[in-house]
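One letter stands for each residue in the lines below.
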Amino acid sequence: MSIYVGNLSYDVTQEDLSKVFAEYGSVKRVQLPTDRETGRSRGFGFVEMQSEDEESSAIQALDGAEWMGRVMKVNKARPREDRGNRRSGGGGSWG
């Protein structure tokens, strides 16, 4: 399982996030996606912890908490959607 952490300051580092979550257990991995063009943080991240109990404790304690001037949104991460081969445009038929 993974934890979604949203509404993060753009200045947050993986180390910062790891330290905050380490108060609730062993952090296995932290991911902070960055914008491909600017290299800047996208304002959200994912944290994996050693056990579900630790993750639940962290979610309960940190959801809605203010950190670095922002109110964090913390919850269980949803599985990534398979975006497949989407095409833009209408639903016309090929004839």
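From a predicted model like this one, the values you see are computed outputs, not experimental measurements.

(A) Main features of the pairing of strand β3 (residues 44–49). Of all six residues in β3, five are buried, a share of seventy percent or more. Bridging between strand β1 (residues 3–6) and β3 involves four bridges; their strand directions are antiparallel. Bridge pairing links Gly6 to Phe44 in β3. Taken together, the four bridges between strand β2 (residues 27–31) and β3 define a ladder with antiparallel strand orientation. Its bridge partner being in β3, Gln31 is matched across the sheet by Phe46.

(B) Up close: the nonpolar core. By size, the foremost hydrophobic cluster in this structure holds 17 residues, and its most contacted members are Ile3, Val5, Leu8, Leu17, Phe21, Val47 and Val74. Those elements that place two or more of their residues in this core are β1, α1 (14–22), β3 and α2 (52–62). The residues contacting Leu8, other than those within four sequence positions of it, are Leu17, Leu32, Gly43, Phe44, Gly45, Trp67, Arg70 and Met72.

Conventions adopted
- Residues numbered from 1 in each chain as written.
- Predicted model: local features only at pLDDT ≥ 70, side-chain atom pairs only at ≥ 80, totals over all residues.
- Heavy atoms only, no water.
- Buried < 20%, exposed > 50% of the residue type's maximum accessible area, 1.4 Å probe, protein only.
- Helix = DSSP H or I, 4+ residues; strand = E, 2+ residues; numbered from the N terminus.
- Pairing = 2+ DSSP bridges.
- Core = buried A, V, L, I, M, F, W, Y, C linked by side-chain atoms within 4.5 Å.
- Contact = heavy atoms within 4.5 Å.

Structural measurements only, silent on function.
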